[in-house]
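# Examination of the molecular architecture
Each chain is listed here by its residues.
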Amino acid sequence: AQSVAQPEDQVNVAEGNPLTVKCTYSVSGNPYLFWYVQYPNRGLQFLLKYITGDNLVKGSYGFEAEFNKSQTSFHLKKPSALVSDSALYFCAAGREEKLIFGTGTRLQVFP
Amino acid sequence: NAGVTQTPKFQVLKTGQSMTLQCAQDMNHEYMSWYRQDPGMGLRLIHYSVGAGITDQGEVPNGYNVSRSTTEDFPLRLLSAAPSQTSVYFCASSFQRSTNEKLFFGSGTQLSVL
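The paragraphs below set out a description of the structure included in this document. Just so it is clear, the model here is predicted, and its values are computed rather than measured. (Residues numbered from 1 in each chain as written. Chains lettered and ligands numbered in written order. Predicted model: local features only at pLDDT ≥ 70, side-chain atom pairs only at ≥ 80, totals over all residues. Heavy atoms only, no water.)

### Some thoughts on the pattern of salt bridges
The condition is simple: What makes a salt bridge here is a side-chain nitrogen of Lys or Arg within 4 Å of a carboxyl oxygen of Asp or Glu, nothing more. Think of it in three bands: with a 1.4 Å probe and only protein chains considered, a residue is buried below 20% of the maximum accessible area for its type, exposed above 50%, and partly exposed in between.
All told, the structure shown has 6 salt bridges over all chains when counted by the stated rule. Put simply, A:Lys78 and A:Asp85 hold a salt bridge, and the shortest N to O gap is 2.8 Å. We classify A:Lys78 as buried; its relative accessible area is 8%. Here A:Asp85 falls in the buried class, since its relative accessible area comes to 4%. Among the ionic pairs, B:Asp38 bridges to B:Arg36, the shortest N-O distance being 2.8 Å. Within this structure, B:Arg36, B:Asp38 and B:Arg44 form a network of salt bridges that share partners.

### What to know about the interface of chain B and chain A
How big an interface is tends to be expressed through the accessible area that disappears when the partners come together. Here is the rule we go by: The contact definition used throughout considers only heavy atoms, calling two residues in contact when any of these lie within 4.5 Å. By convention, the term buried area covers the 1.4 Å-probe accessible surface removed from two parts as they join, with the contributions of both added. Whenever two N or O atoms come within 3.5 Å, that pair is a polar contact, provided that in protein one can donate a hydrogen and the other can accept it, and provided that, for residues adjacent in sequence, both atoms are side-chain atoms. Under the scheme used here, helices are H or I runs from DSSP no shorter than 4 residues and strands are E runs no shorter than 2 residues, and both carry numbers assigned from the N terminus. Under this grouping Gly is polar, as are all residues other than the nonpolar Ala, Val, Leu, Ile, Met, Phe, Trp, Tyr, Cys and Pro and the charged Asp, Glu, Lys and Arg.
With 21 residues of chain B at the contact, the number on the chain A side is 20 residues. Across the chain B/chain A interface, buried area totals approximately 1,700 Å², and carbon plus sulfur atoms make up 55% of it. Inspection of the chain B/chain A interface yields 1 salt bridge. Between B:Glu101 and A:Lys49 there is a salt bridge; the shortest N-O distance is 3.0 Å. Taken together, the links from chain B to chain A amount to 3 residue pairs in polar contact (both at pLDDT 80 or more). Within the residue set of the side of chain B that touches chain A, elements represented by two or more residues are strand S4 (31–38) and strand S5 (42–51) of chain B. Take the side of chain B that touches chain A: its biggest share by element is 5 residues, from S5(B). Looking at side-chain class alone, the side of chain B that touches chain A contains 10 nonpolar, 9 polar and 2 charged residues.

### Here we look at the nonpolar core
Residue and element names in this part refer to chain A. Filter applied, for reference: Only buried residues count toward a nonpolar core, which is a set of Ala, Val, Leu, Ile, Met, Phe, Trp, Tyr and Cys residues joined through side-chain atoms within 4.5 Å.
With 28 residues, the main nonpolar core has Trp35, Leu47, Leu48, Phe74, Leu76 and Tyr89 as its most contacted residues. Secondary-structure elements contributing two or more residues to this core are strand S2 (10–14), strand S3 (19–21), strand S5 (32–38), strand S6 (44–50), strand S8 (64–68), strand S9 (73–78), strand S10 (87–95) and strand S12 (105–110). The element that contributes the greatest number of residues to this core is S10, accounting for 4 residues. Apart from residues no more than four positions distant in its own chain, Phe74 is found in contact with Cys23, Leu33, Phe34, Trp35, Leu48, Lys49, Tyr50, Ala65, Glu66 and Phe67.

### Observations regarding the sheet that holds strand S1 (residues 4–7) of chain B
Strand pairing in a sheet takes place through backbone hydrogen bonds and is either antiparallel or parallel in direction. Residue and element names in this part refer to chain B. The test is simple: Between any two strands, pairing holds if DSSP finds at least two bridges. Where helices are involved, their axes are fitted lines through C-alpha atoms of the stretch in contact, as for all axes, and angles between N-to-C directions lie from 0 to 180°.
Pairing is antiparallel in the open sheet, where 4 strands are placed in the order S1-S3-S8-S7. Edge positions in the sheet fall to S1 and strand S7 (64–66), since each has one partner strand and no second. Averaged over all pairs of adjacent strands, the angle between their axes in this sheet comes to 20 degrees, without regard to strand direction. Alignment of strand S3 (residues 19–25) against strand S8 (residues 76–78), held across 3 bridges, turns out to be antiparallel. Note that in S8 the partner of Met19 across the bridge is Leu78.

Fair warning: the whole summary comes from geometry, so function is off the table for now.
Structural data, given as structure tokens:
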């Protein structure tokens, strides 16, 4: 079965420190890869996507993601975390009509 | 520009009742979809549409119906509500006939079935 895994339910980081939110996928073909963010009582918002090319993708709010084909991973990163980055983050993979989402990782940034 | 609008925001149903969750977008998007979000399970695709008059099933379609008579609207119907359908429902759209571009999400409908 095709799947997207986010192994950490929660990631805690101090403000100003770098953060990483992990994602691995098992989806056939060459899927497009996405990160979305969800703030409380809101719908998901697009952060960034990877289609092809450079393995480091830059997105909104200073986030970036690193694609590793051999490890089928697409980890979300930010050099310096902000308290306002605290939210639920979803990784997704797919092409065309269907997108498979991971279970989400809650990021908590402490002052 | 309203984006993707979902109504109602909250709904409580009794087992066996039917209802329709509304979704409308004003961006002339071809692709529209419905997801449900459950704790520990992420988002799961219920139904999707790649244009007016075209719908197809996603991962968890049982107990739900959809139709797409216009580009703007994509209602989700619960035929006979069950407690297992207690969830948060999100509608999403994209300007291509696929998910290859980013999805725009509504703010969600929280549904409780007693």
